[in-house]
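Analysis of the macromolecular model
Listed here are the chains, written in short residue letters.
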Amino acid sequence: MSTPDITIPPVLYQASNPEERSPPSSKAGSTIIGTPSVKSETSSVLETLPWDGYLEEDIPDKTQGKVMRDLRHLVFTIYHRLFGVVFIANMAILIALLVYGINSQRLGLIAVANIFVAILMRQDYVVNAFFFVFTSVPPSWPLWFRLLMARVYHLGGIHSGAGVSATLWLGALAGQGTRELARGGEISVATVEITWIILMFLVGIIVFAVPALRSKSHDTFERVHRFMGWTATALVWAQVISLTNDWKGDASLGYALVHSAPCGLCSLILPWARLRKVPVRAVVLSDHAVRLFVNYKVFGFHPRPVPGSFSRVSLDPLNEWHAFANVPVPGTDEFSLVVSQAGDWTKELIRNPPKEIYFRGTPVAGVLRVNIMFRRVLFVATGSGIGPIAPCLFEKRQPSRLLWTGANIVKTFGTDLVDAVKEADPDACIYDTRVHGRPDMVKLTYKMVKDFDAEAVVIISNEPLTKKVVYGMMSRGIPAFGAIWDS
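Described below are features of the structure shown in this document. (Residues numbered from 1 in each chain as written. Predicted model: local features only at pLDDT ≥ 70, side-chain atom pairs only at ≥ 80, totals over all residues. Heavy atoms only, no water.)

**Describing the overall build of the protein**
Helix and strand content of the protein: 17 helices and 15 strands. The buried share of the protein, taken over its 487 residues, is 50%. Within the protein, contacts between residues separated by at least 24 positions form 72% of all contacts whose residues are at least 6 apart in sequence. Entry remark: accessible area of the protein is about 22800 Å², with carbon and sulfur atoms responsible for 61%. (Helix = DSSP H or I, 4+ residues; strand = E, 2+ residues; numbered from the N terminus. Buried < 20%, exposed > 50% of the residue type's maximum accessible area, 1.4 Å probe, protein only. Contact = heavy atoms within 4.5 Å. Areas by Shrake-Rupley, 256 points an atom, 1.4 Å probe, with all protein chains shown as cover.)

**Some points on the pattern of salt bridges**
Under the defined criterion, the tally for this structure stands at eleven salt bridges. As a salt-bridge pair, Glu 455 and Arg 146 come within 2.9 Å of each other at their nearest N and O atoms. With Glu 455 in the loop between helix H16 (441-452) and strand S14 (456-460) and Arg 146 in helix H5 (residues 143-149), this pair connects stretches of sequence that are 309 residues apart. Judged by relative accessible area, Arg 146 falls into the buried class, the value being 1%. The salt bridge partner of Lys 467 is Glu 463, with a shortest N-O separation of 2.8 Å. Separated by four residues within a single helix, Lys 467 and Glu 463 lie in helix H17 (residues 463-474), roughly one turn from each other. What makes Lys 467 partly exposed here is its relative accessible area of 46%. Using a relative accessible area of 26% as the deciding quantity, one classes Glu 463 as partly exposed. A single network of salt bridges, built from pairs that share partners, joins Arg 146, Arg 375 and Glu 455. (Salt bridge = Lys/Arg side-chain N within 4 Å of Asp/Glu carboxyl O.)

**Re the sheet that holds strand S4 (residues 281-286)**
Here we have four strands laid out as an open sheet, ordered S4-S5-S9-S8, and antiparallel in their pairing. Single-partner strands in this sheet number two, and they are S4 and strand S8 (327-328). When strand S5 (residues 289-295) meets strand S9 (residues 334-340), the two strands line up antiparallel, connected through seven bridges. Across the sheet, Leu 292 pairs through a bridge with Leu 337, a residue of S9. (Pairing = 2+ DSSP bridges.)

**Here's the deal with the side chain of Gln 239**
Following the sequence through the fold, Gln 239 ends up in helix H9 (residues 218-246). Of note is the side chain of Gln 239, whose polar atom sits 2.8 Å from the side chain of Thr 195. What Gln 239 contacts, discounting residues up to four positions off in sequence, is Val 112, Leu 170, Leu 173, Ile 194, Thr 195 and Ile 198. (Polar contact = N/O pair within 3.5 Å; in protein donor to acceptor, adjacent residues only side chain to side chain.)

**Examining the environment of Asp 70**
Along the chain, the position of Asp 70 falls in helix H1 (residues 66-75). Assessed through its relative accessible area of 17%, Asp 70 is described here as buried. Distance in space between the C-alpha atoms of Asp 70 and Ser 475 is 8.9 Å, their sequence separation being 405 residues.

**Quick word on helix H14 (residues 409-424)**
In this model H14 runs just 17 Å from its N-terminal to its C-terminal C-alpha over 16 residues, more than 12% under the 22 Å that 1.5 Å per residue would give. The largest bend in H14 is about 90 degrees, located at Thr 415. Those residues of H14 that fall on the buried side of the exposure criterion are Ile 409, Thr 412, Phe 413, Gly 414, Leu 417, Val 418, Asp 419, Val 421, Lys 422 and Ala 424. (Expected span 1.5 Å × (residues − 1). Bend = angle between axes of the 7 residues up to and from the residue.)

**A word on the pairing of strand S10 (residues 356-365)**
In the case of a regular strand, side chains alternate between the two sheet surfaces. Most of S10 sits inside the fold, with eight of its ten residues counted as buried. Where strand S3 (residues 276-279) lies against S10, four bridges are found, and the strand directions are antiparallel. What sits directly across from Lys 277, in S10, is Tyr 358. In the sheet, strand S6 (residues 309-314) pairs with S10 via five bridges, with the strands oriented antiparallel. The partner of Ser 309 across the bridge, within S10, is Ala 365.

**Brief notes about the pairing of S6**
Taking burial as the measure, the six residues of S6 include six buried ones, the bulk of the element. The alternating pattern of S6 places Ser 309, Ser 311 and Val 313 on one face and Phe 310, Arg 312 and Ser 314 on the opposite face, and all of these are buried.

**Here we look at unusual backbone geometry**
The phi dihedral of Gln 64 is positive, around 65 degrees, even though this residue is not glycine. One non-glycine residue, Lys 396, lies in positive phi territory at about 50 degrees. The topology assignment puts Lys 396 in the loop between helix H13 (386-395) and strand S12 (400-406).

**What to know about the side chain of Arg 146**
A distance of 3.4 Å separates a polar atom in the side chain of Arg 146 from the backbone oxygen of Pro 139. Beyond its immediate chain neighbours, meaning those up to four positions away, Arg 146 contacts Val 137, Pro 138, Pro 139, Trp 141, Met 373, Phe 374, Arg 375 and Glu 455.

**Here we look at the environment of Arg 476**
Examined against the element boundaries, Arg 476 turns out to sit in the loop between H17 and strand S15 (480-482). What makes Arg 476 buried here is its relative accessible area of 18%. Here the alpha-carbon distance between Arg 476 and Lys 62, two residues 414 residues apart in the chain, equals 5.0 Å.

**Quick look at the packing of aromatic side chains**
The full count for this structure, using the stated rule, is eight aromatic pairs. Plain terms: the ring middles of Trp 144 and Phe 145 are 5.7 Å apart, the flat faces sit at 85 degrees to each other, and that makes the pair edge-to-face. Phe 145 sits in the partly exposed class, given a relative accessible area of 22%. An aromatic cluster is present here, built from Trp 141, Trp 144 and Phe 145 joined pairwise through their rings. The side chain of Arg 281 reaches across the aromatic face of Phe 293, ending 4.2 Å from its centre. (Phe/Tyr/Trp six-rings, centres within 6.5 Å; stacked < 30°, edge-to-face > 60°. Lys NZ or Arg CZ within 6 Å of the ring centre and 35° of its normal.)

**Some remarks on the sheet that holds strand S11 (residues 377-382)**
Within a sheet, adjacent strands bond to each other through the backbone by hydrogen bonds, running parallel or antiparallel. Spatially, the five strands line up as an open sheet ordered S13-S12-S11-S14-S15, and their pairing is parallel. The open sheet terminates on both sides in strands that have one partner only, identified here as strand S13 (429-432) and S15. On average, each strand axis in the sheet is inclined to that of its neighbour by 15 degrees, with strand direction left out of account. Looking at chain direction, S11 and S14 are connected through five bridges and run parallel. Each residue of the ladder has a partner; that of Phe 379, found in S14, is Val 458. Strands S11, S12, S13 and S14 of the sheet are contacted by H16, whose axis makes an angle of about 160 degrees with S12. (Axes fitted to C-alpha atoms, helices over the stretch in contact; angles between N-to-C directions.)

This is the structure:
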């Protein structure tokens, strides 16, 4: 899940000893960072900022040469490896079948199977099942194995690999079907026509999903992906019926359909069967953020959202959906979503908070869920990145430390949320970019990793900074995790 990078407070807080650890309010004992250093009543020395001198500290060189390093961390990522395995396996099968002979029925079955896999890898319950299994690895297991298992959030590579493969299989089906039709084979005109139409839709989806075009026109990508995807899915059902009818032999059409593998496509309906319009309680934090409170029991048999999960919400379920991190409220049946200004939709939501909002599916695990696999974790947030990270801090599952950078945090997010964060981590480092300027995030993160002896880093920020910090840590042998913007 990508997290908008918004602003944070002009005043920073850092408790210098246990007696001084109090929430970031005007209580006695708090050290206010972001203002000139002052002398304590019990000390004759100036208090220091937690990041003092980090720019002068040595940072180790990146491991391996640049070519090998880039191949490992940029080219052959787990996402790309999964894509490659799925795609190469499909192409090997396709080539073999083309060499030894094939008919349109088998091509259609394999094409639909790939579409089914692509859809399944985005199904809420399947994603949660993967996360549950992979993150069940205990922290006592070897780090290299936990690091591999923690890459579970790269499973989108299977989705894209199967989707691209399905397009090529449909291309082969369209060509083979047209050839069989011309020769008077079993295939019908309707099946061939539907296949060509589906192929055009899938090509359009792939074109708009190219990373450069997707990031430049993300709203367009979402609409194309949604409407073309649903139209293509409906046409796939028509194709399955038509193709089954063409090759059913003496069996009835109903019997052939029930016993066909593509009936598994029914699973894609499940998240939409859980579409609910539920009441929300809105608390406006500032002109830039609002917090929406929801009673999770309203969802009936919905599970209580866990830290590291997100929910999809909408005001217009047919047109657009937005994902926000779930922030459980301890001691209550509520959880909240922190919505910060990052476009026209969120801007309007903050100005006119709704009394009801649509939720779809079930809370889904995201990249932050992998934190439970490590003994000591450094969380890095910029702006509204604190929204997804806060519940992980509140859970206190393992020793953790927070690095939060930005400007105007208290003004933007309100004292309640900031106080709660400081209570969860009294030694949190909150860096005011208005006062101290933009930090070197790689150096600052590395310093905090060493000072806290963190085993892993999890960052929620904008795309360029996330990739920079993850690469900067991983290339120095420090496990680091962040969103990969694959959807």
